Amino acid sequence: MRGEFMEAREAAVNALDRVPFLAVWAFEFTPPSPESADTTYLRHVREADLVIWLTGTEVTDAVAAEIEEGLAHHRDFVVIRLGSAALTPRCQELFDRVKSRAKYGRATSVDDIPQVLELAMRDVAARALRGRPSLGRLPLIEQLGRASRARCVLRWQTPGLGRAEALTMADDPSIGAGPESVLPNAEHPVVVLSGEMGAGKSLCAERHLQRALQVLRENGSPPVPVWLRAKEVQGGLRAAVKAACDGIGDPRVRGASIVIDGIDEVGSDLGAAMLDEAREVAFTWPTTTILLTTRPLSSLRGVEELRLMPALEDDEAWEIVERVAGHEVPLGARHGLPKQVLDSMRRPLFALIYGIWQRQRQHGQPRSQGDLLAFFGERIERQTGRNLREVLIRLSVASVRRELDGVPAADVGSASEVQSLLDAGVVTERSGDIVPGLPVLAQWFAAQALLEQRVTISEILERLDDIDLWRYPLALAVATGSSAKASGLLDPLMREVPGFAFVVIDEALPSVALDGTPAPPWEEAGAAMRQALEAIAVGISPLETATLPVDQAGRLLSLGVRSSGQHVDYSFWHGRDERPPLFPLTLDDLRTPGPEFPVSGFSAVGSGAAWAWRWARDQLKRELDSQIKQRAFDLPECEPWIAERIWAAAIALAGVSDLRVDRLEIAPLREEIEEIVRDARSMGAQRATFQRDSRPEFDAFWFATELGERLDRGETELRSPLPRADVSNSKGGMVGMFFSDEQLVALATAMYENALAIYQALVARWFGKLGHRLCLNAMLPARFVGRVIINRTEREGRFDYGLPYVEGEFEVQDIGAESSAGFAIGERSRDLWESSEQYERLLHMRPDAARWITAWRGGSYFRPGDIEASSKLAYTWLHRDLAHLRLAGMTRPFV
């Protein structure tokens, strides 16, 4: 414990701490205890499996007492000599006594200790294994606990806590335990725990595992605790769990308490397949619960097992901050923080980072989550040294390219560089490779590589199959970089892969708020806004003509901008006079809206230099939502869409029931619509509409033209594009009671096949380069295999009696096949294993989309009497796809 040995002791502890199955004890890294010092360290010597003695030329009384205690209790030793000077007689005498029980090594300096210790430990392990060829059940259980504790320690050490602090927190089971409501139990055996980066979901999962381990230690009762990374489950959950339980117990008999960490890291929606298998395993094996952790995934929204990791309460967040900071944070400092920072601190990682900020910084406050992340990254750089920054960036880029997996040490740097990173506690070893201590660490330094153009956006675009690996590093770079650097990343992304670019924008730039960030000068703000809109217009072409403020030639209208405090006012010029692409907007322009300025708006700038990209995305999103609700996109070449529109207009004009009528004569309809058109023209109108009841309006001029063309072709009647009711039902009831089983099957089949044709026409005509990121479009060609649940069994209290329900899923087909639909009468249930198999088939047959695609499966009620059901269904699919790209809200447009 003498001062000159402190550095050597720390080097030894850090080296041993990287081995997950070892629990390392050193006096100076021990939390306060009511025991006396001599009692504490002698007790730990007695309880140890191995005692490591670092010795120079002399030995203190305390160390001599430890050696004597170890000899008395037959402990094994590793002795490392520092230097080459002769030992004192007392030290030599102790050294001679432990020789028979010790492995010996010599270190010329502190830097040699990890390597010398590693060699010694390998020999100790080899000798132990020769005597005990396999670990028993209890040691395996203890190894699980030590590994979990080590992961907890690393999670606190990496952001900047000292080892003693990290150990204290790891040994306090109340820290990070999470509420019971987000954990699996007998009633809800499968839970998907979702939370943003740093929300504490993995720590919550560790505490859940540790509680299961404690139960197993205390009374040996099942279930068997299992910890798996999601990547270990890709070959199948059953096989992975059985392998993990080897030597502890058969999970098929004893049950298991399973944690699968990080299902978002295996690709956008492979987690959905894991969830399906988890459901089946939990249903099949006794007393089995499964907890899956993930960042938010669109493919998991709405699943009944989903639980959101609750945010910290304000007092909980400040307790973490002040515990880490070591002092109370003044009320003035608290109230001066922007809302975005306060919101970020409701996640434990950011509360911890802000606590370190308070500990180390004398002046200034973070203005955004990006500031906290920048502080975190810069602190890591200072901790490891400038010369190791290059190694960290190299490791992080390689790890990101390997889906955050380990990287061979030889690919990272020299042996001494890798050892320095290991000693610093910012990286760890996994299966012989080197891994950043936290995912955010790899993503942060990969973001620096992007900002410094060590990895260029051109390189990323050259490998589109791997572009999703860069989602979070790109988002961090956009969130923390300058306006020019962020735009330098987003502009080419938007022009080449707009669907992915919108996901990055959503990840990088949260909802805008007035948080004290001043607006830039009007010209600078306007230039950024136009640049973002112009890139979006190119990326979504030809959709821009229907959704963005462009002229007939497809050019953006002139943009007027006025900076005011924390926001910018803007309006697009619709006047006849020429205006420059960008001009200053005046208060008079805003106060007197007219045809030249039909719509004005304002946008808070908020945090992030790339705010204009979020603003431009929101412009598009609002217009898309409106267009989808109105089903406003024309499809002049799509026969099912045309037939549906004409039939809907005919039913409205004739004023008849659309439930039973399956054909109408054209001539009477033509006479009536021509009268409406003549009346409109006589009054000089260029447009006329008609409407019946609560139906949508129809264009009379368009309908008259369509009917005239059909008469000219010799057609005499219009027919319904969908089968109509075929059962006479005097008792009444819900609409399904007017259809036979066969007619419901025919109706569902026709509806889905027409919807498929309309959906494909929408994508082909309007969604251009977005199409390759639309989930359903990427699946096609496919066959929808569905079931119609007729709901005709009377049950007391049933609200859906007589309301049919359809469910099923798309089976992906070979490229070149025709998309189709097929239905049969069935029960309302899904074979989860079959669903998982279908998803595996999708990933196999569409490998280019495997990292992000989500399969469509599920069901909904449908109304057989709705003659516009096909287009509504097609637009519902499109809306779901756009929501996946953050270009539509999550509420379904039609019910």
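What counts and how
Counting restarts for each chain, with residues numbered from 1 along the sequence as it is written. This being a predicted model, a pLDDT of at least 70 is required before a residue's local features are given, and a value of 80 or more before pairs of side-chain atoms are given or counted; all residues contribute to the totals for chains, interfaces and linings. Each side-chain value is worked out from all heavy atoms of the structure, with water and hydrogens disregarded. To define a nonpolar core, start from buried Ala, Val, Leu, Ile, Met, Phe, Trp, Tyr and Cys residues and group those joined through side-chain atoms within 4.5 Å. With a 1.4 Å probe rolled over the protein chains alone, any residue whose accessible area is under 20% of its type maximum counts as buried; one over 50% counts as exposed, and the rest are partly exposed. Working definition: helices are DSSP H or I runs of at least four residues, strands are E runs of at least two. Numbering for both runs from the N terminus. Contact criterion: two residues are considered in contact whenever any of their non-hydrogen atoms come within 4.5 Å of each other. The term disulfide is used for any two cysteine sulfur atoms that are within 2.5 Å. Salt bridge criterion: a side-chain nitrogen from Lys or Arg within 4 Å of a carboxyl oxygen from Asp or Glu. Here an axis means a line fitted to C-alpha atoms, over the contact stretch when the element is a helix, while the angle between two N-to-C directions is reported on a 0 to 180 degree scale. Oblique is the label for any angle not under 35 degrees, not over 145, and not in the 65 to 115 range, which are roughly parallel, roughly antiparallel and roughly perpendicular in turn. Charged residues are taken to be Asp, Glu, Lys and Arg, nonpolar residues to be Ala, Val, Leu, Ile, Met, Phe, Trp, Tyr, Cys and Pro, and polar residues to be all remaining types, Gly included. Distance thresholds for patches are 9 Å for like charges and 5 Å for nonpolar side chains (Val, Leu, Ile, Met, Phe, Trp, Tyr), applied to residues having over 30% relative accessible area and no salt bridge. In this description, accessible areas are obtained by the Shrake-Rupley approach with a 1.4 Å probe, and a residue is regarded as covered only by the protein chains that are shown. We score Asp and Glu as negative and Lys and Arg as positive, and we do not count His or the chain ends. Charge placement uses NZ in Lys and CZ in Arg. For Asp and Glu, CG and CD serve respectively. Strand pairing is defined by DSSP finding a minimum of two bridges between the two strands.

**Describing the nonpolar core**
Among the nonpolar cores identified, the biggest contains 251 residues, and Trp156, Leu292, Trp470, Phe703, Phe767 and Ile853 are the most heavily contacted of them. Looking at which element gives the most residues to this core, the answer is helix H32 (residues 741-766), with 15 residues. Beyond its immediate chain neighbours, meaning those up to four positions away, phenylalanine 767 contacts Leu543, Leu624, Phe633, Leu762, Leu774, Leu878 and Leu882. Ranked by size, the runner-up nonpolar core spans 19 residues in total, among them Leu82, Ile113, Leu117 and Val124.

**Focus on the state of the cysteines**
Summed over all chains, the structure comprises 0 disulfides. Unpaired in this structure, cysteine 152 has its nearest cysteine sulfur neighbour in cysteine 204, at a distance of 11 Å. Residue cysteine 152 is classed as buried on the basis of its relative accessible area, which comes to 0%.

**Considering the pattern of salt bridges**
All chains considered together, the criterion is met by 40 salt bridges. Of the charged contacts, one joins glutamate 305 and arginine 279 as a salt bridge, the two residues approaching to 2.7 Å between their closest N and O atoms. One end of the pair, glutamate 305, is in the loop between strand S7 (289-294) and strand S8 (306-308); the other, arginine 279, is in helix H11 (residues 270-284), with 26 residues separating them in the sequence. This pair shows no difference in class: glutamate 305 is buried, exactly as arginine 279 is.

**Observations concerning the packing of helix H23 (residues 483-496) against helix H25 (residues 522-540)**
Contact pair H23 / H25: the axes reach a minimum separation of 7 Å and the direction vectors enclose 25°. Taken together, H23 and H25 sit at an angle that is classed as roughly parallel. Across the interface between the two elements, Ser487, Asp491, Met494 and Arg495 from H23 touch Gln531, Glu534, Ala535, Ile536, Val538 and Gly539 from H25. Here the contact of H23 with H25 is composed, by residue class, of 4 nonpolar, 3 polar and 3 charged.

**Re a negative patch on the surface**
Residues Glu313, Asp314, Asp315, Glu316 and Glu319 make up a contiguous surface patch of negative charge. Considering the arrangement of structural elements, one finds glutamate 313 in the loop between S8 and helix H12 (314-325).

**Let's talk about the sheet that holds strand S13 (residues 582-584)**
The sheet built from 4 strands is open, its strands ordered S13-S11-S12-S14 with mixed pairing. Two strands in the sheet have a free side with no partner beyond their single neighbour: S13 and strand S14 (600-604). Across the sheet, the mean angle from the axis of one strand to that of its neighbour is 30°, orientation sign disregarded. Relative to strand S12 (residues 567-572), strand S11 (residues 559-564) is paired through 6 bridges, and the arrangement is antiparallel. Note on S12: the bridge partner recorded for arginine 562 is aspartate 569.

**Observations regarding the environment of glutamine 552**
Mapped onto the elements, glutamine 552 comes out in the loop between helix H26 (544-547) and S11. Note on glutamine 552: relative accessible area 87%, which makes it exposed. A C-alpha to C-alpha distance of 46 Å links glutamine 552 and glutamate 840, two positions 288 residues apart in sequence.

Nothing here speaks to function; it is geometry throughout.
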